[in-house]
Every structure is written in C-alpha cells, then in structure tokens.
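The residues making up each chain are set out below.
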Amino acid sequence: MNQDLYNQLCEIVGSDNVHVDEEMKKHTTFRIGGPADFYVLPHSKDEIGRVVQVCKNTGEPFYVLGNGSNLLVGDKGYRGVIIQIFKNYSDIIIEGTQITAKSGALLSKVAKKALDAGLTGFEFASGIPGTIGGAVVMNAGAYGGEMKDVILSATVMTQEGSIQKLSNQELQLGYRTSLVARQNDIVLEVSLELKKGDPDQIRSLMEELKNKRVTKQPLEYPSAGSTFKRPEGYFAGKLIMDVGLRGFSVGDAQVSEKHCGFVINKGNASARDIVALMDEVTGRVKEQFGVTLEPEVKRLGEF
C-alpha cells in the first residue's frame with residue numbers, strides 16, 4: 001500500500017471515508033469487480049478537487065464513480081483511486097420550477113422530489129438506477145425522454161481543476177454522449193427546468209413506466225442496464241434475439257431471456273464471462289446482419 005497517498009487522502013476526507021482494497025462488486029449494479037487500491041468518499045466539491053489534485057500530483061490513476069450502474073470492473077480490480085460521488089454529495093434543492101441537485105443524487109430521488117413539488121418532465125428518469133451526475137455524462141434517457149430535454153445547466157470540474165457552469169447547449173448532449181464525457185470532466189451539480197403539473201398525473205405516469213420496466217426488463221438480476229447502444233435503424237435487443245442468442249450463457253453471464261438487450265449476472269459471473277459473452281454476441285450480429293454493436297457499458301480496471 002502507498003502509505004503516503006493513504007495519509008493524504010485521509011487528511012482530506014477523513015479515515016472513515018478512505019477504504020483500501022475495496023471490492024468493486026459491492027459498488028456496481030453488475031455486482032462484479034475486484035479490489036480497488038483506494039476507494040474514497042468525498043463530501044464537497046472542495047474535497048473532490050483536493051483528492052483529484054493529490055492523484056495528479058502523485059501520478060496515481062483515478063476514476064470518478066456514481067452509482068456504478070453502467071460499469072463493468074475487471075476481476076483483478078483497479079490500480080488507483082476510485083472517487084465515489086454518491087450519498088455523501090447528494091443534496092437536492094427546489095426553487096419554483098427549478099431543481100438543483102448535487103451530482104451524487106439518485107435519479108429516483110430527484111424524480112420523487114419533483115413529484116412532491118408537483119413538477120412534471122422528469123418522470124422518464126424515475127426508474128433509471130444511476131446518479132444525476134452520471135446521467136448528464138451519458139445524456140441518459142428512457143421512454144422518449146432524455147436529460148437534454150430538462151437540463152438548464154451543469155457545473156463541472158475540468159481536468160485542469162477549474163470549475164465551469166455550462167448551459168444545456170454548451171453541454172453538447174447527444175445520444176449517450178456529451179462534452180463532459182469527451183473531455184472527461186467531473187459533474188458537480190445539475191440544474192433542471194421542469195413544469196408545473198398535476199401530482200396525480202405525474203404519479204400515474206411514474207407508476208406506468210415502473211410497470212413497463214418490471215414486465216420488460218430483468219430487474220430481478222444484477223446487470224448494467226442496456227448492454228449495447230442502439231445501432232442506427234435497429235434495436236440491439238431484437239438483433240441479438242434474431243441471431244438466436246436469447247438465454248445464451250457464458251458461465252453465470254447470460255443474455256436475458258426477458259429482454260435480449262440486457263446481459264445479466266445470474267449469480268457469480270466474472271468480468272471475463274461478461275466480456276466473452278459480449279464478444280460472442282457482437283461477432284454473431286456482425287456476421288449475420290453486418291451491424292457492429294457498440295457497448296454502452298464502460299469497462300474499467302484489469303481483466
């Protein structure tokens with residue numbers, strides 16, 4: 001262990017918020033991943049900035065994690081510092097029709113706050129299992145709604161450590177991408193502009209979307225959500241089904257029988273199992289349809 005780095009991290013966030021050799025399977029929705037050298041839980045943008053600066057000063061690799069909902073961590077773990085911006089940094093404030101949330105706030109919590117305030121426009125995100133910071137990075141969307149439809153602005157920390165407030169237009173939000181993703185910036189805070197609505201109608205729509213998820217998605221198993229991006233003119237799940245891979249398994253990794261766009265962990269799947277399965281799916285779809293599936297799930301660490 002790098003004792004000097006450990007001491008510096010403890011000085012910034014407190015020893016209770018620095019964990020050594022932390023198993024990343026505890027912190028990803030796939031429930032897969034080996035140990036990270038250091039796992040740090042900051043409380044403020046000042047602490048986030050100082051932790052990042054220490055990593056840069058020491059040459060230590062670092063990765064910023066939200067709820068771990070779109071991530072596959074290798075079986076050998078991550079050599080460096082995982083900075084998890086989550087529960088310690090998740091305040092939500094409502095003023096009129098605007099909601100401002102720290103980047104660690106869960107989308108489900110923001111949606112619940114919007115419902116309580118009678119604000120509509122964020123129902124689409126109520127069932128997405130991620131943080132609002134991560135949702136900005138990838139312009140998360142579901143059921144016809146996307147983050148770009150409701151974002152007013154986002155405050156980010158650049159790779160150089162400066163803090164900038166970017167408007168919706170400046171964020172360059174596209175299909176599962178953004179300026180933040182391309183520049184590897186860190187989202188600190190997000191402001192949304194919603195509309196006044198009828199709480200009963202908002203609640204009804206959230207319930208309707210929840211029922212769609214429960215009936216169509218394999219929520220009973222760990223997964224990282226949609227495994228592949230939607231190819232232009234196609235649906236990834238249908239392509240995978242049409243090549244006969246519904247239920248296809250490698251170890252405990254399986255193409256979901258309920259929705260072929262999801263790869264699930266049936267119990268003790270390894271990262272290697274998931275990668276082998278994804279490679280097989282990609283190869284079969286390319287061979288039969290000439291379509292190249294791009295992973296939506298990010299890979300991190302040593303496989």
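Cut-off values and rules
- Residues numbered from 1 in each chain as written.
- Predicted model: local features only at pLDDT ≥ 70, side-chain atom pairs only at ≥ 80, totals over all residues.
- Heavy atoms only, no water.
- Helix = DSSP H or I, 4+ residues; strand = E, 2+ residues; numbered from the N terminus.
- Rg over C-alpha atoms; globule rule 2.2 N^0.38 Å.
- Buried < 20%, exposed > 50% of the residue type's maximum accessible area, 1.4 Å probe, protein only.
- Contact = heavy atoms within 4.5 Å.
- Areas by Shrake-Rupley, 256 points an atom, 1.4 Å probe, with all protein chains shown as cover.
- Lys, Arg positive; Asp, Glu negative; His and termini not counted.
- Charge placed at Lys NZ, Arg CZ, Asp CG, Glu CD.
- UniProt positions renumbered as here; feature names shortened; annotations may be inferred.
- Core = buried A, V, L, I, M, F, W, Y, C linked by side-chain atoms within 4.5 Å.
- Axes fitted to C-alpha atoms, helices over the stretch in contact; angles between N-to-C directions.
- Parallel < 35°, antiparallel > 145°, perpendicular 65-115°, else oblique.
- Left-handed = near helix turned anticlockwise from the far one by under 90°.
- Nonpolar A, V, L, I, M, F, W, Y, C, P; charged D, E, K, R; others polar.
- Pairing = 2+ DSSP bridges.

Asker: Even after reading the chapter, I still don't get the overall build of the chain, so can you show me in this structure?
Answerer: For the chain, the helix and strand inventory stands at eight helices and 19 strands. Taking 303 residues into account, the globule formula puts the C-alpha radius of gyration at 19 Å, and the chain, at 20 Å, falls close to it. The principal-axis extent of the C-alpha atoms belonging to the chain is close to 55 × 50 × 30 Å. Counting the 303 residues in the chain, one finds 50% classified as buried. Residue pairs in contact within the chain that sit at least 24 positions apart in sequence constitute 65% of those at least 6 positions apart. Counting only carbon and sulfur atoms, one obtains 46% of the accessible surface of the chain, whose full area is about 14000 Å². In the chain, which carries 35 positive and 38 negative side-chain charges, the distance between the mean positions of the two groups comes to 4 Å.

Asker: Teacher, can you tell me more about the UniProt feature "active site" (unreviewed entry) in the chain here?
Answerer: The UniProt feature table records "active site" (unreviewed entry) at R176, S226 and E296. Spatially, the listed residues are clustered: although they cover 121 residues, their C-alpha atoms lie within 11.4 Å of one another. On the secondary structure map, R176 appears in the loop between β12 (163-167) and α5 (179-183). When sequence neighbours within four positions are dropped, the list of residues in contact with R176 reads M138, N139, A140, G141, E146, K229 and E296.

Asker: Looking at this model, I keep getting lost on the UniProt feature "domain: FAD-binding PCMH-type" (unreviewed entry) in the chain. Mind explaining?
Answerer: Using the residue numbers shown here, the UniProt feature "domain: FAD-binding PCMH-type" (unreviewed entry) corresponds to residues 31-197. In residues 31-197, the share of helix is 21% and the share of strand is 34%. The end C-alpha atoms are 37 Å apart.

Asker: What exactly am I supposed to notice about the side chain of T158 here?
Answerer: With respect to the helices and strands, T158 occurs in the loop between β11 (151-157) and β12. Not counting residues within four places of it along the chain, the set of residues in contact with T158 comprises Q164 and D185.

Asker: So what exactly am I meant to see when it comes to the nonpolar core here?
Answerer: One broad rule of soluble globular proteins: the nonpolar side chains tend to lie buried together. Membership of the largest hydrophobic core comes to 37 residues, with the highest contact counts inside it found for V110, F122, I132, M147 and L192. If you list the elements that add at least two residues to this core, you get β7 (98-102), α3 (107-116), α4 (132-137), β11, α5, β13 (186-193) and α6 (199-216). If you tally residues by element for this core, the top one is α3, at five residues. Excluding residues that lie within four positions of it along the chain, I132 makes contacts with A101, K102, S103, A105, L107, V110, F122, M147, V190 and L192. In this structure, I32, A236, M278 and V285 belong to the second largest nonpolar core, which totals 25 residues.

Asker: Quick question: what am I supposed to make of the packing of helix α1 (residues 3-13) against helix α2 (residues 45-58) here?
Answerer: Helix packing geometry: the angle between the two helix axes and the distance between the axes. Contact geometry of α1 with α2 gives a least axis separation of 9 Å together with a crossing angle of 165 degrees. When the interaxial angle is binned, α1 and α2 end up roughly antiparallel. Pair α1 / α2 crosses with right-handed handedness. Contacts from L5, Q8, L9, E11, I12 and V13 in α1 reach E47, R50, V51, V54 and T58 in α2. Here the contact of α1 with α2 is composed, by residue class, of six nonpolar, two polar and three charged.

Asker: Whenever I open this one, the sheet that holds strand β2 (residues 35-40) confuses me. Can you help?
Answerer: The pairing of strands in a sheet happens through backbone hydrogen bonds and is either parallel or antiparallel. On the basis of which strands lie adjacent, the open sheet formed by four strands has the order β1-β2-β5-β3 and mixed pairing. Each edge of the open sheet carries a strand with a single partner, namely β1 (18-23) and β3 (62-65). For this sheet, the mean angle separating the axes of adjacent strands, direction not counted, is 30 degrees. As judged from the four bridges shared by β3 and strand β5 (residues 78-84), these two strands associate in the parallel manner. Counted as the bridge partner of Y63 is I82 from β5.

Asker: Sorry if this is basic, but what is going on with unusual backbone geometry here?
Answerer: Peptide bonds are trans in most cases, and residues, glycine excluded, mostly fall at negative phi. The backbone phi angle of Y143 is positive, close to 50 degrees, even though this residue is not glycine. Checked against the element boundaries, Y143 lands in the loop between β9 (141-142) and β10 (145-146).

Asker: Hey, could you run me through the pairing of strand β6 (residues 92-95) in this one?
Answerer: Within a regular strand, side chains alternate between the sheet's two faces. For β6 and β7, the ladder comprises four bridges, and the chain directions are antiparallel. The residue bridging I92 from the neighbouring strand is A101, located in β7.

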